[in-house]
Amino acid sequence: MSIYGPYEGSLNAILQDLKRRIEELNQRQVEMKQPKLYEHLIGRVKASDSMVEKCRRKNYPVTAQSALRKCRDSIGLRIVCNFISDINRCLDQLNQADWCTIVKEKDYITNAKPNGYRSYHLILDVTTPYVDIDGQTPGHFFVEVQLRTIAMDSWASLEHEIKYKHDVKDPALIGKELKRCADQLASCDVQMQTIRQLVQEGDRVS
């Protein structure tokens, strides 16, 4: 039986509702002749066995209450943007939205993790038409959002592929090379952002 119990169906419905809302935010920007907010939008409901493992690792009771309240990533959304400035635009849109509240932020772009990982993490409290674990309607559910550029997302995916279930013979060397690659991609992100700004300034002048 799923750790989410009777709420599993709601989680999947909330994920689809959330993706639709983000798509609508993007469409409004395009209609206003602004650049699109993102390039890719990826979502998932955390698998029940993965959530059980997380609860055990954190010494939480293996219950729906733990999965939906103590852990706040049962629903996950990744927004992959073209430019760093698009991440800021997405943040602005989410801050202004009346259907969610940002309850936690971690900026791993300004302050990258020691291994080179970069991303902007949010925990949203999303208001939904579904009853929540506390018996409330409208219900409140937590959603983890990761905002990345294409370069950041590519690095994270490749880093996972290289290290996942592999017996790395020289982890220190591999880690050093991965960090160097992450720093190079971060520099590229900044350069691409500068080029975009120059082009936009040229458009305004002309």
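Before any of the text, the structure's been laid out above.
Peer 1: Describe the overall build of the chain, and please don't skip the residues or the numbers.
Peer 2: When helices and strands are tallied, the chain shows six helices and five strands. By principal-axis analysis of the C-alpha atoms, the chain measures approximately 55 × 50 × 20 Å. For the chain, the residues scored as buried account for 42% of the 206 residues in total. Intrachain contacts of the chain at a sequence separation of at least 6 include 65% that bridge at least 24 residues. Surface summary for the chain: the accessible area is close to 11,800 Å², and the carbon and sulfur share equals 51%. Across the chain, the mean location of the 30 positive side-chain charges is 4 Å away from that of the 28 negative side-chain charges.

Peer 1: Describe the layout of surface pockets, with residues and values.
Peer 2: If you add up the space inside the largest pocket, you get close to 1,000 Å³. Taken together, 36 residues line the largest pocket, and the ones lying closest to its centre are Arg44, Asp73, His121, Glu144 and Gln146. Residue contributions to the lining of the largest pocket peak at five residues, all from helix H5 (residues 150-163). In terms of residue class, the lining of the largest pocket is made up of eleven nonpolar, eight polar and 17 charged.

Peer 1: An account of the pairing of strand S5 (residues 139-149) is requested, with residue identities and associated values reported.
Peer 2: The buried fraction of S5 amounts to ten of the eleven residues, a majority that puts the element mostly inside the structure. In this sheet, S5 lies alongside strand S2 (residues 75-81) in parallel orientation, the contact comprising seven bridges. Within the sheet, the bridge partner assigned to Arg78 lies in S5 and is Gln146.

Peer 1: How would you explain the sheet that holds strand S3 (residues 100-107) if you had to name every residue and give the values?
Peer 2: Sheet strands pair by backbone hydrogen bonding; their relative direction is either parallel or antiparallel. Taken in spatial order, the five strands of this open sheet run S1-S2-S5-S4-S3, and their pairing is mixed. Looking at which strands have only one partner, the edges of the open sheet turn out to be strand S1 (40-45) and S3. If you compare each strand with its neighbour and ignore which way they point, the axes differ by 20° on average. Sheet topology note: the S1/S2 ladder contains six bridges and is antiparallel. Each bridged residue has a counterpart across the sheet, and for Leu41 the counterpart in S2 is Ile79. Running over the sheet, helix H1 (residues 8-31) touches S1, S2, strand S4 (120-128) and S5 and is turned about 20° from S2.

Peer 1: Quick one: what's the story with empty space enclosed by the protein, residue by residue and with numbers?
Peer 2: As enumerated under the stated definition, the model contains two cavities of 30 Å³ or more in all. Quantified by volume, the largest cavity comes out at close to 70 Å³. For the largest cavity, the full set of lining residues is Gly116, Arg118, Ala151, Met152, Trp155, Ala182, Leu185, Ala186 and Asp189. When contributions to the lining of the largest cavity are tallied by element, the ones reaching two or more residues are H5 and helix H6 (171-205). The dominant element in the lining of the largest cavity, judged by the number of residues it contributes, is H6, at four residues. A class-by-class count of the residues in the lining of the largest cavity yields six nonpolar, one polar and two charged. The computed volume of the second largest cavity comes to approximately 40 Å³. In this structure, the second largest cavity is lined by Ile22, Leu25, Leu37, Ile79, Cys90, Gln93 and Leu94.

Peer 1: Account for helix H4 (residues 84-96), naming residues and giving values.
Peer 2: Under the 1.5 Å per step criterion, the end-to-end length of H4 is 19 Å for 13 residues, consistent within 8% with the ideal 18 Å. Those residues of H4 not exposed but buried are Asp86, Ile87, Arg89, Cys90, Leu91, Gln93 and Leu94.

Peer 1: Pulling in residues and values, what's your account of the packing of aromatic side chains?
Peer 2: Following the criterion strictly, the structure yields one aromatic pair and no others. Ring geometry for Tyr108 against Tyr117: centres 6.1 Å apart, planes inclined by 65°, an arrangement best described as edge-to-face. For the pair Tyr108 and Tyr117, one class covers both residues: buried. Just above the ring of Tyr108 sits the side chain of Lys113; from NZ or CZ to the centre is 4.8 Å. Positioned over the ring face of Tyr117 is Lys113, at 5.0 Å from the centre of the ring.

The rules behind each value
- Residues numbered from 1 in each chain as written.
- Predicted model: local features only at pLDDT ≥ 70, side-chain atom pairs only at ≥ 80, totals over all residues.
- Heavy atoms only, no water.
- Helix = DSSP H or I, 4+ residues; strand = E, 2+ residues; numbered from the N terminus.
- Buried < 20%, exposed > 50% of the residue type's maximum accessible area, 1.4 Å probe, protein only.
- Contact = heavy atoms within 4.5 Å.
- Areas by Shrake-Rupley, 256 points an atom, 1.4 Å probe, with all protein chains shown as cover.
- Lys, Arg positive; Asp, Glu negative; His and termini not counted.
- Charge placed at Lys NZ, Arg CZ, Asp CG, Glu CD.
- 1 Å grid on protein atoms, 1.4 Å probe; cavity = no way out; pocket = protein on both sides within 12 Å on 5 of 7 lines; lining within 4 Å.
- Points joined across faces, edges and corners; volume = space filled by probe spheres on them.
- Nonpolar A, V, L, I, M, F, W, Y, C, P; charged D, E, K, R; others polar.
- Pairing = 2+ DSSP bridges.
- Axes fitted to C-alpha atoms, helices over the stretch in contact; angles between N-to-C directions.
- Expected span 1.5 Å × (residues − 1).
- Phe/Tyr/Trp six-rings, centres within 6.5 Å; stacked < 30°, edge-to-face > 60°.
- Lys NZ or Arg CZ within 6 Å of the ring centre and 35° of its normal.

The quantities given are spatial measurements derived from coordinates; they are silent on function.
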